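Fold and geometry: a report
Listed below, chain by chain, are the residues.
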Amino acid sequence: MLLNRLTCSVIPGLIALSLAACGGGGSSDGNASDDNSSPSVSTSTIQGEVVKGVVRNAIVTAYALDNGQVGSVLTSTETDSLGQYRLSIRGHSGPIYIAVTPNGNNTQMVCDYSGGCGDYTGVSELDLNENGTIDFGESFAAPSDFILTTTLPSAASTQAGISTLTHLATQLALGYPQGLNDVSIAVAQSQIENLFAVSDLSSTDLVDLTDSTAVANADADELRYSLMSSALLGISNDVAMAQVLESIVQQLQINNGQLITHTDSGSVPTLLDLIEAALTTAQALDLDTLASEFSLAAAGLLSSESGSLTSAQPSPTAGGTNAEVMESFIADIQLWQGYLSLSPDQPSFGDVVSAIGVSTGADLANLLKAISIAGQFGPVVALPDAALSAACNSLANYFARLACRSLIAGKSLEEICNGSLNLVLFGRSLCDILNDLTLPLGNGLTGDFALWDGVARIYGSTNNVMVDITFTASDNYRSNYGFTINGSAESETGILEITDGRFNLVFDGGLDIQNLKLPETASGNLSVDYTQFTTLDNSNPTSFNGDLSLALDLSGVTEAADDESPYAGLDSIDISMTAAGAFQSLNGDQFDGSITLDGGLDSEIQFQFETDLPDYSDRATITVRSTPQQISLGLIDEIVMEWAGKRYEILYFFAPYYGVRMTNQDGVIVDLDLSVDDNDVAGYLLLNGTRYGVISPLNGSLMFTLSNGLNILL
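Residues numbered from 1 in each chain as written. Predicted model: local features only at pLDDT ≥ 70, side-chain atom pairs only at ≥ 80, totals over all residues. Heavy atoms only, no water.

1. A word on the sheet that holds strand E6 (residues 96–101)
Pairing is antiparallel across the open sheet formed by four strands, whose spatial order is E4-E3-E6-E9. Edge strands, defined here as strands with exactly one partner in the open sheet, are strand E4 (69–78) and strand E9 (148–152). When the angles between neighbouring strand axes are averaged without regard to direction, this sheet yields 25°. Judged from the six bridges that link them, strand E3 (residues 59–66) and E6 form a sheet pairing that is antiparallel. Residue pairing for E6: tyrosine 63 is matched across the bridge by tyrosine 97. (Pairing = 2+ DSSP bridges. Helix = DSSP H or I, 4+ residues; strand = E, 2+ residues; numbered from the N terminus. Axes fitted to C-alpha atoms, helices over the stretch in contact; angles between N-to-C directions.)

2. Some thoughts on empty space enclosed by the protein
Where empty space is left can be seen by rolling a probe of water-molecule size over the atoms. According to the stated counting rule, one finds three cavities of 30 Å³ or more in the structure shown. When its volume is computed, the largest cavity comes out at roughly 60 Å³. Taken together, Thr164, Leu165, Leu168, Phe196, Met228, Leu232, Leu245, Ile248 and Leu274 make up the full set of residues lining the largest cavity. Secondary-structure elements contributing two or more residues to the lining of the largest cavity are helix H2 (164–174) and helix H6 (241–254). Counting residues per element, the lining of the largest cavity draws most heavily on H2, at three residues. Looking at the second largest cavity, its volume works out to about 50 Å³. Lining the second largest cavity we find Thr150, Thr151, Leu152, Gln159, Ala160, Gly161, Thr166, Gln189, Leu201 and Ser202. In terms of residues, the lining of the second largest cavity owes the most to one element, E9, which gives three residues. Of the residues belonging to the lining of the second largest cavity, the class tally is three nonpolar, seven polar and no charged. (1 Å grid on protein atoms, 1.4 Å probe; cavity = no way out; pocket = protein on both sides within 12 Å on 5 of 7 lines; lining within 4 Å. Points joined across faces, edges and corners; volume = space filled by probe spheres on them. Nonpolar A, V, L, I, M, F, W, Y, C, P; charged D, E, K, R; others polar.)

3. A look at helix H14 (residues 398–408)
Where H14 is concerned, the buried positions are Ala400, Cys404, Leu407 and Ile408. For H14, the buried positions fall inside an angular range of 85° around the axis, keeping them on one side. (Buried < 20%, exposed > 50% of the residue type's maximum accessible area, 1.4 Å probe, protein only. Arc of directions from axis to C-beta.)

4. Looking at the environment of leucine 364
Here leucine 364 lies in helix H11 (residues 360–374). What makes leucine 364 buried here is its relative accessible area of 0%. The spacing of leucine 364 and leucine 597 is 233 residues in sequence and 9.6 Å in space, taken between C-alpha atoms. Not counting residues within four places of it along the chain, the set of residues in contact with leucine 364 comprises Leu496, Tyr530, Leu548, Met577 and Ala579. (Contact = heavy atoms within 4.5 Å.)

5. Let's talk about the packing of aromatic side chains
Aromatic ring pairs are defined here through the distance separating the ring centres and the angle between the ring planes. Applying the stated criterion across every chain yields a total of 14 aromatic pairs. Taken together, a centroid distance of 6.2 Å and an interplanar angle of 55° make the contact between phenylalanine 471 and phenylalanine 503 tilted. Here phenylalanine 471, found in strand E15 (residues 465–477), pairs with phenylalanine 503, found in strand E17 (residues 494–506); they are 32 residues apart in sequence, far enough to count as distant. Accessibility expressed as a relative area gives 0% for phenylalanine 471, which makes it buried. Judged by centre distance (5.6 Å) and plane angle (20°), the rings of tryptophan 643 and tyrosine 648 are stacked. For the pair tryptophan 643 and tyrosine 648, a shared accessibility class is recorded, and that class is buried. An aromatic cluster is defined as three or more aromatic residues linked by ring pairs; in this entry it consists of Phe329, Trp336, Tyr339, Phe349, Phe544, Phe583, Phe591, Phe609, Trp643 and Tyr648. The lysine or arginine in question, arginine 457, covers the ring of tyrosine 459, its NZ or CZ lying 4.1 Å from the ring centre. Positioned over the ring face of tyrosine 684 is arginine 691, at 3.8 Å from the centre of the ring. (Phe/Tyr/Trp six-rings, centres within 6.5 Å; stacked < 30°, edge-to-face > 60°. Lys NZ or Arg CZ within 6 Å of the ring centre and 35° of its normal.)

This is how it looks when you write it as structure tokens:
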């Protein structure tokens with residue numbers, strides 16, 4: 001891990017140096033114009049000063065960012081004698097990385113530490129007092145490994161001062177796993193600002209501390225910033241400056257933005273070292289107020305334990321809206337810990353899944369199919385006049401059939417049962433006979449028909465389901481026949497009790513009583529009690545009390561000659577069913593909600609319920625989708641959670657791809673590959689194509705590292 005952090009820190013400098021050696025890879029004049037430029041290409045200008053102290057004739061190179069890392073060169077220029085630069089960026093609007101590197105031996109720096117910045121090598125024309133020492137205000141050649149950097153969240157920025165502090169902020173942000181983006185840049189800058197107690201790095205001007213007029217005209221914020229930036233040379237010299245700066249960068253990256261307060265060993269640079277260097281220069285410049293502040297800060301650091309770390313934190317608002325979106329996303333996932341699993345093979349809302357049972361939806365659908373098949377005989381009582389002849393033909397005795405046909409000839413059921421004819425067959429009222437028919441219907445079913453009362457009781461076994469259903473005719477219109485319905489259907493897995501409801505059957509082209517057939521469609525709304533049985537495959541059965549709405553397409557089902565399988569095409573039935581009410585498992589898990597099946601028995605099952613948020617601050621609607629096969633294994637394909645204007649969609653993937661996708665109402669996307677090893681990258685938190693977090697497995701959990709450096713274990 002340490003090697004990775006060092007690589008992240010050093011490589012940008014090497015890139016910048018190699019480009020500088022090749023001429024910078026861009027225009028050497030930031031003010032150069034292009035007569036052939038297209039008016040449709042946007043151009044932005046960034047300017048500022050490079051101060052460590054003033055850095056003259058240095059190469060300033062701007063880079064685009066690619067997935068949080070330093071990408072291609074956009075342009076380059078040089079600083080002038082005052083350390084100022086100006087960059088023109090064409091056709092780029094995103095975040096940019098700016099590196100300042102030496103231009104061979106031409107780059108010079110001004111010593112802005114009052115105690116001096118080292119020694120000249122040999123005789124130098126830069127040694128104004130010829131004492132061999134680089135004194136305050138004198139210039140010296142920048143070392144070959146010199147580099148300062150800064151990062152801007154957008155090329156639309158206009159000002160960018162570059163200093164040791166902007167370099168520390170940039171390298172801290174670059175050390176985050178997802179690299180540089182608007183949030184990591186803003187958070188790292190805020191961390192450095194609070195660590196060194198300076199004002200906004202992006203808007204505060206740097207001061208040339210060797211210019212007495214500039215010092216006199218500067219405000220306290222500008223002076224404090226410049227003094228802290230100059231302090232680096234107070235703990236190093238012209239030769240060791242880059243190495244000491246890199247040592248501080250490594251501390252920040254390893255310690256999540258913190259420095260060692262002070263140490264008795266003196267082996268590493270500390271915050272106390274930097275504060276004392278700034279104090280020295282403040283005293284030399286007679287900046288009494290700032291000197292007093294630095295003295296107090298130094299005393300506070302000395303009172304801490306040797307080797308301890310600072311505790312500075314970035315501003316809570318650093319990173320703006322995007323940071324808020326990411327933190328809200330993580331907070332929401334944390335809220336549902338214990339209920340929502342990010343692993344496909346560990347079911348979310350386990351109590352609800354168990355309350356649904358092994359395949360409640362498929363069980364109910366199978367029972368409803370059998371009821372619909374039995375329902376083909378219901379229309380006998382819906383067309384009583386058309387059924388008269390068939391009723392007579394159903395009588396067992398030949399003479400009874402013959403006498404019945406003669407008695408009903410030319411008469412309606414109304415005339416037979418409600419008229420003054422008083423027709424009698426073998427000493428019994430013909431109306432009573434026709435109103436009390438028991439007929440074998442085939443395919444394991446028997447029917448009790450009361451033609452005059454409009455009631456048909458169908459019972460027996462069909463499609464491995466025992467049915468005992470009573471259909472009472474309510475209305476019919478052309479090929480549509482309506483009934484009220486009650487009764488039961490029982491399979492090996494459960495029993496469905498229908499207490500009330502309405503059932504409609506549609507026979508394409510009408511109905512021929514002499515040649516009954518299956519309806520093309522069946523639909524209804526039923527009040528039911530359903531109970532699953534305990535089996536070897538289902539040790540935690542479910543009970544359901546509520547309402548069923550259903551619609552079945554039976555057009556593909558035909559009668560077959562096989563007594564064991566009297567119907568063909570049962571697997572082709574399309575069914576839309578919603579069961580809404582109270583579900584409870586044998587183990588006591590329960591919820592009020594609904595379960596929906598739309599398609600065949602192997603189609604997707606959806607169940608929906610309301611629940612309190614884990615902190616009881618609101619109610620949430622949870623929608624779970626899966627297949628009967630997955631549900632039987634306790635697995636879920638998709639979850640949608642909605643509450644208080646929020647919507648989270650979680651999609652699970654199984655073999656060969658093992659992972660999960662999460663999205664929310666703000667456009668955050670997380671794709672996780674959970675087959676990777678611990679500490680490897682499983683996925684990223686993405687918003688509008690930018691990475692704002694890195695996710696890695698860790699001991700069965702997931703570690704989320706955000707752009708602000710926060711580590712959150714879920």
